[in-house]
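A closer look at the structure
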Amino acid sequence: MNAPLQNDTFLRACLRQATDYTPVWLMRQAGRYLPEYRETRGRAGSFMGLATNTDYATEVTLQPLERYPLDAAILFSDILTVPDAMGLGLSFAQGEGPRFAKQVRDEAAVAELAVPDMDKLRYVFDAVGSIRKALNGRVPLIGFSGSPWTLACYMVEGGGSDDYRHVKTLMYARPDLMHRILAINADAVATYLNAQIDAGAQAVMVFDSWGGVLADGAFQAFSLAYSRRVLSQLKTHANGQRVPSILFTKGGGLWLDEIADAGADVIGLDWTVNLGRARQQLQDRVALQGNLDPNVLFAPPEAIRAQARAVLDSFGPPQGPEGRMGGHIFNLGHGISQFTPPEHVSALIDEVHRHSRAMRVR
């Protein structure tokens, strides 16, 4: 049995319930900006050596929580574990990012795809169980996956891309093949996230990192429809507790209403969106997560504090004038940069907690 939760502020905010302050966690909070992470990665020998070893994955997930009073932990893993388990051969070259040995660009390659045996991802579920135990109820644990479209981008391109030439060529030339890839990805992601929930994840997040590269119309057909397919299959409760879901589409500000209707409890916003206007537009029907520009963290601490206050003030008090409750989880508009000074993160988290408490007693 896992220990009872001592700090449920993050989960409450996800479900638009009253909180004493605005919870905060950071995308990529366990990562290269922390010297202790770099030391552990050195011992592990490689990124995948880190992610596939239960002890190392547990250690690096907890490192930011030892340093900062964060309100949630996020599983240390990678969004590309699912296509790797499909047999595409994932590797990480130093300084080059992820690469797949096999690309999915034609009918034959698509025909080989299937929802992978979850046993191939046992290392992820073992890490979730180990992290939950190590957290000992301190804060909730977030599980995650890439979205079906984002995974497809990597699978077709064979790695990261500047122009998405191969994946968009396939999408426009052979939409039937693209839809087949995305349907398999959606069912794989839903199965994967449900297995994380079974292993102990208390919230799950879908990263649609590349949804914003699509044209209007294509976004709805090739990205959002399949994120919705994932969300519709997710378990909403585990051990009698509600398990919230978060959908983050980078560059998705144009489609706020449609994203909010996809079935997630929380919508992640990047820094190009005005948080207050987004809240007004969506009428508090979902909670919002975000959305400080990660580059603010290179500024001096006083500037960081001012920008943190601006984000909180933009969202406004949790209870709106109409009596509706809004949920806000403070986060960055994308992942934290590896060059971020760790002490600047302290200033950010301290100010989010301080100012959001002050906002509630006005």
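Structure first, text after, so check above.
Residues numbered from 1 in each chain as written. Predicted model: local features only at pLDDT ≥ 70, side-chain atom pairs only at ≥ 80, totals over all residues. Heavy atoms only, no water.

Side note on the side chain of Gln220
Structurally, Gln220 is set in helix H11 (residues 218-233). Among the polar contacts listed, one links the side chain of Gln220 to the backbone nitrogen of Gly217, at a separation of 2.7 Å. Discounting chain neighbours no more than four positions away, the residues touching Gln220 are Ala225, Trp255 and Glu258. (Helix = DSSP H or I, 4+ residues; strand = E, 2+ residues; numbered from the N terminus. Polar contact = N/O pair within 3.5 Å; in protein donor to acceptor, adjacent residues only side chain to side chain. Contact = heavy atoms within 4.5 Å.)

Let's talk about the packing of helix H5 (residues 81-88) against helix H10 (residues 175-199)
For the pair H5 and H10, interaxial distance at closest approach is 10 Å and the crossing angle is 115°. Where H5 crosses over H10, the two elements pack in a sense that is right-handed. Of the residues in H10, those in contact with Thr81, Val82 and Met86 of H5 are Ile184, Asn185, Ala188 and Tyr192. The residue inventory of the contact of H5 with H10, partitioned by class, reads 5 nonpolar, 2 polar and no charged. (Axes fitted to C-alpha atoms, helices over the stretch in contact; angles between N-to-C directions. Left-handed = near helix turned anticlockwise from the far one by under 90°. Nonpolar A, V, L, I, M, F, W, Y, C, P; charged D, E, K, R; others polar.)

What to know about helix H4 (residues 54-67)
Over its 14 residues, H4 extends 21 Å from the first C-alpha to the last, a length consistent with the 20 Å expected when each residue adds 1.5 Å. Buried residues of H4: Tyr56, Ala57, Thr58, Val60, Thr61, Leu62, Gln63, Pro64 and Leu65, and no others. Residues of H4 that are buried make contact with helix H2 (35-44), helix H3 (47-51), strand S1 (73-74), helix H7 (122-135) and strand S4 (141-146). The N-terminus of H4 is capped by Asn53, whose side-chain oxygen sits 2.9 Å from the backbone nitrogen of Asp55. (Expected span 1.5 Å × (residues − 1). Buried < 20%, exposed > 50% of the residue type's maximum accessible area, 1.4 Å probe, protein only.)

Here we look at the packing of H4 against H7
Between two packed helices, both the angle of their axes relative to each other and the distance between the axes serve to describe the pair. Between H4 and H7, the shortest axis-to-axis distance is 9 Å and the interhelical angle comes to 45°. Judged by the inter-axis angle, H4 sits oblique to H7. Once H4 is placed against H7, the crossing between them reads as right-handed. On the side of H4, the interface is formed by Thr54, Ala57, Thr58, Thr61, Leu62 and Leu65, while H7 contributes Tyr123, Asp126, Ala127, Ser130, Ile131, Ala134 and Leu135. Counted by class, the contact of H4 with H7 contains 8 nonpolar, 4 polar and 1 charged residues. (Parallel < 35°, antiparallel > 145°, perpendicular 65-115°, else oblique.)

Side note on the sheet that holds strand S10 (residues 287-292)
Here we have 7 strands laid out as an open sheet, ordered S1-S4-S5-S8-S9-S10-S11, and parallel in their pairing. Lying at the two open borders of the sheet, with one neighbouring strand each, are S1 and strand S11 (328-332). The sheet contact formed by S4 and strand S5 (residues 203-208) spans 5 bridges and is parallel. Each residue of the ladder has a partner; that of Gly146, found in S5, is Phe207. Lying on the sheet, H10 is in contact with S4 and S5; it crosses S4 at an angle near 165°. The sheet strands contacting helix H13 (residues 275-282) are S10 and S11, and the helix crosses S10 at an angle near 165°. (Pairing = 2+ DSSP bridges.)

Some remarks on the pairing of S5
Among the 6 residues in S5, 6 count as buried, and that is most of the element. Going residue by residue along S5, you find Ala203, Met205 and Phe207 tucked away on one face and Val204, Val206 and Asp208 tucked away on the opposite face as well. Relative to strand S8 (residues 245-249), S5 runs parallel, the two being bridged by 5 bridges. Looking at the pairing, Met205 lines up with Ile246 of S8.

A few points about the environment of Val311
Tracing the backbone shows Val311 in helix H14 (residues 301-315). Judged by its relative accessible area of 9%, Val311 falls in the buried class.

Section: the pattern of salt bridges
What the rule picks out here adds up to 20 salt bridges. The shortest N-O distance in the salt bridge between Asp119 and Arg122 comes to 3.4 Å. Owing to a relative accessible area of 38%, Arg122 belongs among the partly exposed residues under this scheme. Between Glu302 and Arg305 there is a salt bridge, and its shortest N-O distance comes to 4.0 Å. Here Arg305 and Glu302 lie together in helix H14, a separation of 3 residues that amounts to about one turn. Taking relative accessible area as the criterion, Glu302 reaches 55% and is therefore assigned exposed. When its relative accessible area of 18% is taken as the criterion, Arg305 is described as buried. (Salt bridge = Lys/Arg side-chain N within 4 Å of Asp/Glu carboxyl O.)

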